[in-house]
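Residue-level structure breakdown
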Amino acid sequence: MSVTTEGSAASTAETAIDPTLPICDPHHHLWVHRGRYLAGDFLADCATGHNIVSTVFVACEAMYRESGPAELRPVGETEFVVGEATSAAAAHSKTALAAGIVGFADLGLGARVAEVLDAHLAASPDRFRGIRFPLAWDPSPEVRGHHSREGWTKDANFRAAYAALGARNLSFDAWVFHPQLPELAELADSFSNVTMILNHAGGPLGHGPYQGKSDEVFAVWSAGMRMLAERPNVYVKLGGFGMPRIGFPWSKQAVKPTSLEIAEGIRRTVNFCIEQFGPQRCMFESNFPSDKTSFSYVNIWNAFKRLTASHTQSERATLFHDTAVKAYQLG
């Protein structure tokens, strides 16, 4: 290994482990509002050694329409991503960029959200797969989700909009913090026809009032995850560990962690998820570029591969590719 420069921070450079293993990266963003990170930037990360055969773009409030009805402006993000994906395909990218697209719609609109969902589908009939509507909320202002509020899953309008997802065979990407997991179990029961895809391993927090309380957090988080694992319509993405709210110090380190260090840090969480949900409902995610401040693309996928070294070839194929393809109906 050697130390190189990636962005503004030094990173421990590694060679990709098992570079032929097919990967579908089911969670990444493209944006210009938090620094420029477009198709070329992401594909450059994908080309650093791992076999990234396809990806799923997830909503991040980028490139909304600048005019027209407010509720329809998020459709601009889908239109933008289709353009990026089309350009990548024209350039003969080996990675099928944004083979699936998860957009945003205001689920507070109730049944009126149908117009927004249909507009997303019209903008991308072959790629659009679902909605992410942030539910992450916490009483502490140090970690409170800035887009959400308490009690969304009980809101009558939200539930009417959620039903509209099921009517169109669209999935729901759920982003919550770990104390909220029981709310999702009830939602999954109420709408068993909607595929729920839990983001970022269920959001186990290590920031603010949760800092230094990893065992206490694990107890609450694991109880919620056991509940969700009993719901067959719930999948879980394993990733998002580079976000400062999770509690690891990596984003502040001058030299970023090796894959061994990452693997040790996330081992208990990843192993528990796979034990509870099984490989058939777990998928690894990069969460790039959000997690790029904490580690390199090569190193996070190496960490995932290290953690699954004892799994069978079939189980690894499922965890790294097949579950994502199934959950997002990528064909």
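Residues numbered from 1 in each chain as written. Predicted model: local features only at pLDDT ≥ 70, side-chain atom pairs only at ≥ 80, totals over all residues. Heavy atoms only, no water.

Glancing now at the overall build of the chain. Along the chain, the regular secondary structure elements total nine helices and ten strands. The C-alpha atoms of the chain give a radius of gyration of 19 Å, which matches the 20 Å a tight globule of 331 residues would have. Scored against the burial criterion, the 331 residues of the chain give a buried share of 57%. When contacts within the chain are restricted to residue pairs at least 6 apart in sequence, those whose partners lie at least 24 apart make up 78%. Here the chain displays about 13200 Å² of accessible surface, and carbon together with sulfur accounts for 52% of that area. (Helix = DSSP H or I, 4+ residues; strand = E, 2+ residues; numbered from the N terminus. Rg over C-alpha atoms; globule rule 2.2 N^0.38 Å. Buried < 20%, exposed > 50% of the residue type's maximum accessible area, 1.4 Å probe, protein only. Contact = heavy atoms within 4.5 Å. Areas by Shrake-Rupley, 256 points an atom, 1.4 Å probe, with all protein chains shown as cover.)

One finds Phe172, Leu184 and Met225 to be the most contacted residues of the largest nonpolar core, which totals 86 residues. In terms of residue count, helix α7 (residues 259–277) provides more of this core than any other element does, eight residues in total. Here methionine 225 is in contact with Leu181, Leu198, Ala201, Gly202, Val236, Phe272, Cys273 and Phe277, once residues within four sequence places are set aside. Judged by nonpolar contacts, the second largest core, of twelve residues, contains Val58, Val102, Ile197 and Tyr328. (Core = buried A, V, L, I, M, F, W, Y, C linked by side-chain atoms within 4.5 Å.)

Below, the discussion takes up the side chain of aspartate 173. Note on placement: aspartate 173 falls in strand β7 (residues 171–174). Within the structure, the side chain of aspartate 173 is placed 2.9 Å from the side chain of asparagine 199, a separation counted as a polar contact. A polar contact is formed between the side chain of aspartate 173 and the side chain of lysine 237, at a distance of 2.8 Å. Non-local contacts of aspartate 173, meaning those with residues more than four positions away in its chain, are made with His27, Val58, Val102, Ile131, Arg132, Phe133, Ile197, Asn199, Lys237 and Tyr328. (Polar contact = N/O pair within 3.5 Å; in protein donor to acceptor, adjacent residues only side chain to side chain.)

On average, residues of the chain carry a pLDDT of 95, and 96% of them reach 70 or more. Across the chain, element-level confidence peaks in strand β10 (residues 282–284) with a mean pLDDT of 99 and bottoms out in strand β1 (residues 2–6) with 40. Counted against residues more than four places away or in other chains, residues 2–9, with its pLDDT under 50, gives 15 contacts. (pLDDT = per-residue confidence, 0-100.)

Before going further, it helps to examine the packing of aromatic side chains. This model, assessed by the stated rule, comprises 22 aromatic pairs. Taking the centre distance of 4.2 Å and the plane angle of 0 degrees together, the rings of phenylalanine 248 and tryptophan 250 count as stacked. The class of phenylalanine 248 is partly exposed, set by a relative accessible area of 24%. Arranged with centres 6.1 Å apart and planes meeting at 45 degrees, the rings of tryptophan 301 and phenylalanine 320 form a pair that is tilted. Here tryptophan 301 is found in helix α8 (residues 297–307), whereas its partner phenylalanine 320 is found in helix α9 (residues 313–327), with 19 residues between them in sequence. Since its relative accessible area comes to 0%, phenylalanine 320 is described here as buried. (Phe/Tyr/Trp six-rings, centres within 6.5 Å; stacked < 30°, edge-to-face > 60°.)

Moving on, we get to the pairing of β7. Covered by surrounding structure in β7 are Ser171 and Asp173 together with Phe172 and Ala174, the residues of both alternating faces. Note: strand β6 (residues 128–132) against β7, three bridges, orientation parallel. Directly across from glycine 130, in β7, lies its bridge partner serine 171. Of the strand pairs in this sheet, β7 and strand β8 (residues 196–198) are connected by three bridges, and their pairing is parallel. Counterpart to phenylalanine 172 in the pairing with β8 is methionine 196. Crossover β7 to β8 through helix α5 (residues 181–190) is right-handed. (Pairing = 2+ DSSP bridges. Right-handed = clockwise from strand over helix to strand, strands pointing away.)

When you tally the buried positions in strand β9 (residues 234–238), you get five out of five residues, the bulk of the element. The side-chain alternation of β9 yields two buried faces, one formed by Val234, Val236 and Leu238 and the other by Tyr235 and Lys237. Of the strand pairs in this sheet, β8 and β9 are connected by three bridges, and their pairing is parallel. Across the sheet, the residue bridging to leucine 198 is valine 236, located in β9. Viewed along the sheet, the connection from β8 through helix α6 (residues 214–229) into β9 turns out right-handed. Pairing of β9 with β10 involves three bridges; the strand directions are parallel. Bridge pairing links lysine 237 to methionine 283 in β10. Of the crossover connections in this fold, the one passing from β9 over α7 to the parallel β10 is right-handed.

Moving on to helix α4 (residues 156–167). In a regular helix each residue adds 1.5 Å, so twelve residues correspond to 16 Å; α4 covers 17 Å between its end C-alpha atoms and thus fits that length. Considered for burial, the residues of α4 that qualify are Phe158, Arg159, Ala161, Tyr162, Ala164, Leu165 and Gly166. At the N-terminal boundary of α4, the capping side chain belongs to aspartate 155, with an oxygen 2.9 Å from the backbone nitrogen of asparagine 157. Two residues or fewer past α4, asparagine 169 is found with a positive phi of approximately 60 degrees. (Expected span 1.5 Å × (residues − 1).)

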